[in-house]
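For reference, the chains in residue letters:
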Amino acid sequence: MKKLLCAVLSGIMVFSTFAVAVPITASAAESQESVSATYGDFEYTLEDDYTCTITKYNGSAANVTIPSTIYGNKVCKIGDWAFSKNLNLKNITLPNSITCIGWAAFHDCTKLEHINIPNSITYIGGGAFEDCAKLEHITIPNSVTYIGDAAFYGCTSLDNIVIPGGAKLSAQTTGSTFAECTNLKSVVIENGVTTIVQAIFENCVNLESVTIPNTVTEIYPLAFMGCTKLKSITIPKSVKTIVKTAGKAMGYYRDSDNNYIKIADFTIKGYKGTAAEEYAKENGFKFIALDVSEPTSVSLNKTSLTSDVGKSYTLTKTVSPSNAVTSYTWSSSNTSVATVDSNGKVTAKKAGTATITVKTSNGKTANCKVTVNLPTPQITSLANTTGGIKISWNKVDGAYGYRLYYKPASGGWKRFKDTTATSFTDSGVVPNKTETYTIRCIDKNGNTISGFNSTGWSKKYTPVAPTISKLDITTGGIKLSWNKIAGVYGYRLYYKPASGGWKRFKDTTATSFTDSGVVPNKTETYTIRCIDKNGNTISGFNSTGWSKKYTPDAPTISKLDITTGGIKLSWNKIAGVYGYRLYYKTSSGGWKRFKDTTATSFTDSGVSPNRTETYTIRCIDKNGKTVSGFNSKGWSKKYTPVAPKITRLSNTSKGVSVTWNKIAGVYGYRLYRKYDGGSWTRVKDTTSTSFTDSGAKKGKKVTYTVRCIDRKGKTVSGFNSKGWSITRK
């Protein structure tokens, strides 16, 4: 048969020299099963089944199309090493007749960018596309049933790959089907593949996503070694074995010393009790069981919570779906404000805000904003006082101050006082009205930092009886002073008459009053109560009252004035007395009574010029008995007579009649005259208060003045320098 084939081929070649311009050569021996020949730039063999295998390409073209037939014979195979290390090849088109791509067929075609693999292909040999660094995309058809070792090793531009379900992945030597495909990001292994061979994706450093079907039963060592961006992998229940005798399968990379280093946060998703869980546990990787539900969400029973310092509240979490299995972690954004334990128990530490977070094992979270207030202050006492209702409360540690509220008639609460103290008296009260109060804590900025009692504390304001705080003896009588009572209109004063009981004698809005109706040396007893605008009494009163014996004050001489009549004494009126007794101090010392009077002034005409007079005074009754003390030092005044005043000038037949006022205490008077342009001339010394000047010149304007003199003729007063004038007729 071989011989016959050779003869036929020789005849064809002779004939062909006349049919085509393409040279064809053929050789055969009886021991061979195929015939080698050339077809253009191709070398090929004609197989025993009359199909052609391309065994070599001798051209330099960048774009190459493989013929589907050569001289009527189907081209079914790209032979081993056929295009290996072709540095010109960029694009290659395979016909649908091709069923097999041989071992290393396109090995190290470093410029190859595109190749179509038709649906006729069933076999891709080992190293077929090894180190085709520019091959970006390749589609492996479902017809492929075999992919050899290192078929796509080092295809550093490939970014995704789909491995058809009918393909068997070979690991006759190293496996490494897609190893060192450093740009590969996504891999889909279709249903039907049973084995993930050794080192299939080793050092695919950008691989992020792998889909493994539930037909895979084995994963061999180094399958995903060095895939540093592959943080999670899902392994189906069908995987019975993850082989570990020759190295780690996944979740590691190797350093320059070939040490295994774990990939941080690597997670295996699989099923409980399977090889996936076993591998995860053995290597300390996070394992998520797919046969129990993962949480899709988690929620808390409260999204906000307000609590007082020192109090606790346990948050309740709810996971969805309800059968999800997960662990939880609890955390607080500010543990100085609020802490949370592993059971969700929140404990308030200090005033402020914090966010409590619950987190599931797959990262689902729920939050609750916690506002921590200081403990609510408690009003401990409401007391009616003279100032109003006194509110007292407990001190709250950590509070800067407190804010007081009262409840108005319209309802709600109205703020009325901020204070740092722990008590305050509300003076804005109304008698017989019930006031309701509440309180809360504030910080330095006036922000409220505690809750408050929404019911509040109530007290009916009943004014307390006023207290007479002082009974003073004054010149006007007994002065009563008492404390102000909050909220009242005024006060009613009572005195106790000799017959007993109480007698009203004064209504006033003031807090003091002087009782002028007193009697010297008599004890007066008083009480007082509050009244409203209508004069109704609105408080009790002290039934005992307050008493004071009225001993009149010693009068005070308020003025000593020099007058024409002498020294005028003035003094204050003293309530309740009949009159006053005046005393002067004699030259021998001591006091001498010189006048009893009911008035409050008296002019002492018994004075002497240039002599100092000293006076004192005391009160007397109708019987002339003294009823007060007196000032033992007295009040003094030197008596300097005032200048007399000429009261009348008239012409008479005898001359000019001059009249002046009498000056107390002087011996006599000296009269002077002058004419226009002249000086004063002494006219007459006299003890009288008038004189007729017969020596005045007729028809002349004459001016007079006068001064006081003593017995010796010495002047003892001044004089009016202008004088008083008249024309002598």
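Here the residue numbers are simple positions, counted from 1 along each chain's written sequence. Selection of residues for local features in this predicted model requires a pLDDT of at least 70, selection of side-chain atom pairs for listing and counting requires 80 or more, and totals for whole chains, interfaces and linings are taken over all residues. The side-chain quantities take in all heavy atoms of the structure and omit both hydrogens and water.

1. Brief notes about the packing of aromatic side chains
Here the aromatic set is Phe, Tyr and Trp, taking the six-membered ring for Trp, and pairing holds for ring centres within 6.5 Å; pairs whose planes are under 30 degrees apart are stacked, those over 60 apart are edge-to-face, and all others are tilted. Scanning the model with the defined rule gives 27 aromatic pairs in all. Here Tyr584 and Phe594 contribute two aromatic rings whose centre-to-centre distance is 5.6 Å and whose plane-to-plane angle is 65°, an arrangement assigned as edge-to-face. Placement of Tyr584 in strand 49 (residues 579–585) and of Phe594 in strand 50 (residues 591–597) is noted, with a sequence separation of 10 residues between them. An aromatic cluster of three or more residues is present, and its members are Phe42, Tyr57, Phe83, Phe106, Phe129, Phe152, Phe178, Phe201 and Phe224. We count a charge as sitting over a ring when the NZ of a lysine or the CZ of an arginine lies within 6 Å of the ring centre and within 35 degrees of the ring normal. A cation sits over an aromatic face here: Lys317 above Tyr328, 4.6 Å from the ring centre. Numbering of helices and strands runs from the N terminus; a helix is a DSSP stretch of H or I covering at least four residues, while a strand is a stretch of E covering at least two.

2. Some words on the sheet that holds strand 41 (residues 477–482)
By the convention used here, strands pair only if DSSP detects at least 2 bridges between them. Ordered in space as 40-41-44, the three strands form an open sheet in which the pairing is antiparallel. Unpaired on one side and paired on the other, strand 40 (468–474) and strand 44 (512–515) mark the two borders of the sheet. Direction aside, neighbouring strands of the sheet carry axes that sit 20° apart on average. Relative to strand 44, strand 41 runs antiparallel, the two sharing four bridges. Pairing of Leu480 across the sheet is with Phe513, part of strand 44. Note on geometry: axes are C-alpha line fits, over the in-contact stretch for helices, and angles between N-to-C directions span 0 to 180 degrees.

3. A short note on the pattern of salt bridges
One side-chain nitrogen of Lys or Arg within 4 Å of one carboxyl oxygen of Asp or Glu is enough to make a salt bridge. All chains considered together, the criterion is met by 18 salt bridges. Of the charged contacts in the structure, one is a salt bridge between Asp685 and Arg670, with a shortest N-O distance of 2.6 Å. With Asp685 in strand 57 (residues 681–686) and Arg670 in strand 56 (residues 668–675), the pair connects residues that are 15 residues apart, well separated along the chain. Linking Asp693 and Arg673 is a salt bridge whose minimum nitrogen-to-oxygen distance equals 2.7 Å. Note that Asp693 is positioned in strand 58 (residues 690–693) and Arg673 in strand 56, a separation of 20 residues in sequence. In this structure Arg673 comes out as buried when scored by relative accessible area, which is 15%. It is possible to trace a salt-bridge network through shared partners that takes in Lys272, Glu277 and Lys281. Accessible area is worked out with a 1.4 Å probe on protein chains only. A residue is then buried under 20% of its type maximum, exposed over 50%, and partly exposed in between.

4. A word on the nonpolar core
Ranked by internal contacts, the top residues of the largest apolar core, which has 82 residues, are Phe83, Phe106, Phe129, Phe201 and Phe224. With four residues, the single largest contributor to this core is helix 2 (residues 275–283). For Phe201, the residues in contact, after removing those within four places along its chain, are Ile163, Phe178, Ala179, Leu184, Val187, Ile189, Leu207, Ala223, Phe224, Met225 and Cys227. Grouping buried Ala, Val, Leu, Ile, Met, Phe, Trp, Tyr and Cys residues that are joined through side-chain atoms within 4.5 Å yields what is termed a nonpolar core. Core analysis: the second largest hydrophobic core is formed by 67 residues, Tyr461, Ile478, Leu582 and Cys619 among them. By the convention used here, residues are in contact when the closest approach between their heavy atoms is within 4.5 Å.

5. So, the sheet that holds strand 47 (residues 557–563)
Strand order in this open sheet of three strands is 47-48-51, and the pairing throughout is antiparallel. Single-partner strands in this sheet number two, and they are strand 47 and strand 51 (601–604). The sheet shows a mean angle of 20° between the axes of neighbouring strands, direction not considered. Pairing of strand 47 with strand 48 (residues 566–571), which is carried by six bridges, proceeds in the antiparallel orientation. Looking across to strand 48, one finds that Lys559 is bridged to Ser570.

6. A short note on the domain arrangement of the chain
Much of the literature gives interface size as the accessible area that the parts lose upon coming together. Under the domain assignment used here, the chain contains domain 1 (297–373), domain 2 (379–461), domain 3 (468–550), domain 4 (557–639) and domain 5 (646–728). Domain segmentation is taken from an automatic or database assignment of domains. The C-alpha centroid of domain 2 is placed 34 Å from the C-alpha centroid of domain 1.

7. Topic: the side chain of Ser570
Relative to the helices and strands, Ser570 is located in strand 48. The contacts of Ser570, once residues within four sequence positions are left out, are Thr556, Ile557, Ser558, Lys559, Thr600 and Ser601.

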